[in-house]
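Here is what each chain is made of, one letter per residue.
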Amino acid sequence: MHMRPPLLARALRLTTLAAITAPATALAGGFSLNEQSASAMGVANAGVAANPENATTVLFNPAGMSRLSGTNISFGAAVLDIDAQAKRDSISVTRKNPSVPVRPATDGGDIADPAVLPNFYLTHEVSDSVDVGFGVHAPYGLAADYEDDFAGRFFADKTELTAIAFTPSVSVSNGQGLSMGAGLNIMYAEGRLSRYQDLSDSAGPAALALPEPYADIEGDDVGVTFRVGFLYELSERTQFGLTAQTGTELELKGDAEISDVPVPPTYTQTTTLNEKVTVPLAIPESITFGARHRLTDKVTVLAGATYARWSRFEELDIISREANGEITGSSEPGTYITHITERWKNTWQFNLGGIWQASPAWAFKAGYAWDESPVDQYVTARIPSEDRHWLTLGTQWQDLRNGWTVDAAVGTLIFEGDAEVDDREYTHQNPTEPSSPANYQGRYELSAWSASVQVSKAF
């Protein structure tokens, strides 16, 4: 049986690329990352907008720099380890041609490897009322990689997003307990996504004897968000903080490549197709409230809440950037290769934490956060996500003579249940395209732990 070239080309156009969205490796709402500071992680980020312990306040609330004296630095790293794997007996796969089986068909293995997130922050007191700061951190990220013989390989293979942000900031104080700060997040982001191609609708059973084409896209972009913060000292024991961050839309520009494409009329040889593409990716606005209250000389309690507007991530499009490309064949740039409806929802994160100052040198911390997942109606193989509970413990040691401080923290994520994936390839795609019976279903077991260390110094 031979595939006619128009049918093969159409199959490739319809199945070229999949969504670049957050799999289980995202530890906060969407693809945000919680682990930006060991000192904050010890209390599950509770009250970070109102608790300027060290230079990490550059990120959490730039207004907090006004509470620091002289020059301060903080640097460290976090390690994240996620276990996310489909339950073998829950997997069900239907190809575009339901009569053609998927062979081989495994559960894809554990899709997430451990990741390391470094960070660095610096503040400097310019005058009694003005402070400046700078930070380098990883605000967003995700990574997932299925085994090559994964049963759902026509829906997802690799998904990666790496972002690094440079954060210049400034704060001013009125000298009467009120401070205001502002900063920029200048982000560089690069992403990758891939999957295998299903030719069963064009080739029928003959697809089992043909190579499975492999679609791979990589792209990058630079974006900017703006953050403003306020800090108010109600009394020596009580502080309140508020920060808000604007959103933006990244345009990940790069190249799409489809390898091992069978060449008509014999299909005994293969070729590689290339085309320049762009992938818009929405970054949400957010607002964070924090409170800090010192109950006694030894005990401090913290609380906070963050609201993120993930609903701006309504769809994910992969768009051709060239005319007469090898994949789309369109005479005009701007042709949609893929249009995926996401319809994420806005989310809340609530945090509670406490600090016990056991001695002048040693403090112990604990925290809890409830973190809502923005993924609602469309749960795919790239997004095995659920609401989660974050439990953390931390400790802090201070060298009172030399001004050095070391923080260490560990945390675990407890997911509210198995992630139920129902990945219907075209039911929420471009409505002008014909529907397809292709479907991947599975239940994912999710668990995670993290650890972080941080060194701070006041000069």
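Remember, it's a predicted structure, so these values are computed and weren't measured experimentally.

1. A closer look at the overall build of the protein chain
For the protein chain, the helix and strand inventory stands at four helices and 21 strands. Taken against the 2.2 N^0.38 rule, which gives 23 Å for 459 residues, the C-alpha radius of gyration of the protein chain at 25 Å falls within 12% of a compact globule. Overall, the protein chain is about 80 × 45 × 35 Å in size when its C-alpha atoms are taken along their principal axes. The buried share of the protein chain, taken over its 459 residues, is 54%.

2. Notes on the pattern of salt bridges
Inspection of the entire model under this criterion finds 18 salt bridges. Its salt-bridge partner being Lys-158, residue Asp-145 comes within 3.8 Å of it at the nearest N-O pair. With Asp-145 in strand β5 (residues 141-145) and Lys-158 in strand β6 (residues 158-173), this residue pair connects regions lying 13 residues apart in the sequence. Asp-145 sits in the partly exposed class, given a relative accessible area of 32%. Across the pair Glu-285 and Arg-309 runs a salt bridge, and its minimum N-O distance is 3.1 Å. Of this pair, Glu-285 sits in the loop between β11 (270-283) and β12 (286-294) while Arg-309 is found in the loop between β13 (299-308) and β14 (315-320), placing the two residues 24 residues apart along the sequence. Its relative accessible area of 38% is what places Arg-309 among the partly exposed residues. Shared partners join several salt bridges into a network, and the residues in it are Glu-236, Arg-237, Arg-294 and Asp-297.

3. What about the pairing of strand β8 (residues 214-233)?
In this structure, strand β7 (residues 178-196) lies alongside β8, joined through 19 bridges in antiparallel fashion. For Gly-191, the partnering residue across the bridge sits in β8 and is Gly-219. Hairpin connection of β8 to strand β9 (residues 238-245): four residues between the antiparallel strands.

4. Notes on the environment of Leu-210
Along the chain, the position of Leu-210 falls in the loop between α4 (200-203) and β8. Given a relative accessible area of 16%, Leu-210 falls into the buried group.

Each value, and the rule that gives it
- Residues numbered from 1 in each chain as written.
- Predicted model: local features only at pLDDT ≥ 70, side-chain atom pairs only at ≥ 80, totals over all residues.
- Heavy atoms only, no water.
- Helix = DSSP H or I, 4+ residues; strand = E, 2+ residues; numbered from the N terminus.
- Rg over C-alpha atoms; globule rule 2.2 N^0.38 Å.
- Buried < 20%, exposed > 50% of the residue type's maximum accessible area, 1.4 Å probe, protein only.
- Salt bridge = Lys/Arg side-chain N within 4 Å of Asp/Glu carboxyl O.
- Pairing = 2+ DSSP bridges.

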